[in-house]
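Chain by chain, the residues run as shown.
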Amino acid sequence: MSRKAKRTEGGTTSNALLGLLSMGPMSGYDIRALIGRSIGYFWSESYGQIYPGLKRLAAAGLVEKKTERQKGRPDRHVYSLTAAGRMRLKEWLKLPVTSEPPRNELLLKLFFGGHVPHSVSREHVTEFLEEHEQALKTYAAIAKDLRKDADGAEVPFYLMTLSLGKHGSDASVKWARETLKKLDELEKHKGGRR
């Protein structure tokens, strides 16, 4: 199998699921919850991607499903990596990273911002600024929690990914403040009219 074939077979959802299951056996619900407090800051998977992905991985023998009976509640399906799944994860981790074209609705709207009053663009940029200021607080809290578990072999890697998020939010806050200042200047020069 070629390096490219390994990359695309099952897509990145399958590889993300293998990585998450390397942390321990989980149900689809557990996986979605873990995404929200870990890789969700840079990678997203919905239930509509998780459950079909788990089914494909089980059919391929990369994960194993065990059903846990629960009294008065639906059965719980718990997935764990097989030896083949762990090998597949390691192979995928060694492949070169593929870049996906970015999609940023804020920048798209700002690019065409000459068609609306400056206040519209200002509102969008202000919301963006507030999101990234909050993200910086969240990243700091996560880093503090991770450092409590400094003995974990995975912790330095978690902190590396967190660091990129922090640097990105730092840059986004700086950009947003500069952009708001520029919008203020445009407002003064145009008298607030479009």
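**Q** Quick question: what am I supposed to make of the overall build of the protein chain here?
**A** For the protein chain, the count of helices and strands is eight helices and two strands. Along its sequence from the N terminus, the protein chain presents helices and strands in the succession α-α-α-α-β-β-α-α-α-α. Against the compact-globule benchmark of 16 Å for 194 residues, the protein chain has a radius of gyration of 22 Å, which places it well outside the compact range. Dimensions of the protein chain along its principal axes, counting C-alpha atoms only, are 65 × 40 × 40 Å. When each of the 194 residues of the protein chain is scored for burial, the buried share is 28%. For the protein chain, the share of sequence-separated contacts (at least 6 apart) that also reach a separation of at least 24 residues comes to 58%. With an accessible surface of roughly 13,400 Å², the protein chain has 57% of that area assigned to carbon and sulfur atoms. Taken together, the 34 basic and 23 acidic charged side chains of the protein chain have centroids lying 3 Å from each other.

**Q** Whenever I open this one, the layout of surface pockets confuses me. Can you help?
**A** Over the atoms rolls a probe the size of a water molecule, and its path tells where empty space is left. Taken as a whole, the largest pocket holds about 2,100 Å³ of empty space. Elements with a minimum of two residues in the lining of the largest pocket: helix H2 (11–21), helix H3 (28–37), helix H5 (83–94), helix H7 (118–148) and helix H8 (155–190). Top element by residues in the lining of the largest pocket is H8. It accounts for nine residues. Tallied by class, the residues present in the lining of the largest pocket amount to 24 nonpolar, 13 polar and eight charged. Put simply, the second largest pocket is a space of about 160 Å³. In this structure, the second largest pocket is lined by Ser-27, Gly-28, Tyr-29, Tyr-51, Gln-70, Arg-73, Asp-75, Arg-76, His-77 and Tyr-79. For the lining of the second largest pocket, the elements supplying multiple residues, two or more each, are H3 and strand E2 (76–81).

**Q** What am I meant to see in the packing of H7 against H8 here?
**A** Each pair of packed helices gets described by two things: the angle between the helix axes and the distance between those axes. Interaxial distance between H7 and H8 falls to 8 Å at its minimum, and their mutual angle equals 160 degrees. On the basis of the axis angle, H7 is roughly antiparallel to H8. Considering the relative orientation of H7 and H8, their crossing is left-handed. Per-class residue counts for the contact of H7 with H8 are 19 nonpolar, nine polar and nine charged.

**Q** How should H7 be read in this particular structure?
**A** Along an α-helix, a turn takes 3.6 residues, which lines up residues three or four apart on a common side. Taking 1.5 Å as the rise per residue, H7 with 31 residues should run 45 Å; its terminal C-alpha atoms sit 46 Å apart, in good agreement. All of the buried residues in H7 are His-118, Ser-121, Val-125, Phe-128, Leu-129, His-132, Ala-135, Tyr-139, Ile-142, Ala-143 and Leu-146. Residues of H7 that are buried make contact with helix H6 (105–111) and H8.

Conventions we followed
- Residues numbered from 1 in each chain as written.
- Predicted model: local features only at pLDDT ≥ 70, side-chain atom pairs only at ≥ 80, totals over all residues.
- Heavy atoms only, no water.
- Helix = DSSP H or I, 4+ residues; strand = E, 2+ residues; numbered from the N terminus.
- Rg over C-alpha atoms; globule rule 2.2 N^0.38 Å.
- Buried < 20%, exposed > 50% of the residue type's maximum accessible area, 1.4 Å probe, protein only.
- Contact = heavy atoms within 4.5 Å.
- Areas by Shrake-Rupley, 256 points an atom, 1.4 Å probe, with all protein chains shown as cover.
- Lys, Arg positive; Asp, Glu negative; His and termini not counted.
- Charge placed at Lys NZ, Arg CZ, Asp CG, Glu CD.
- 1 Å grid on protein atoms, 1.4 Å probe; cavity = no way out; pocket = protein on both sides within 12 Å on 5 of 7 lines; lining within 4 Å.
- Points joined across faces, edges and corners; volume = space filled by probe spheres on them.
- Nonpolar A, V, L, I, M, F, W, Y, C, P; charged D, E, K, R; others polar.
- Axes fitted to C-alpha atoms, helices over the stretch in contact; angles between N-to-C directions.
- Parallel < 35°, antiparallel > 145°, perpendicular 65-115°, else oblique.
- Left-handed = near helix turned anticlockwise from the far one by under 90°.
- Expected span 1.5 Å × (residues − 1).

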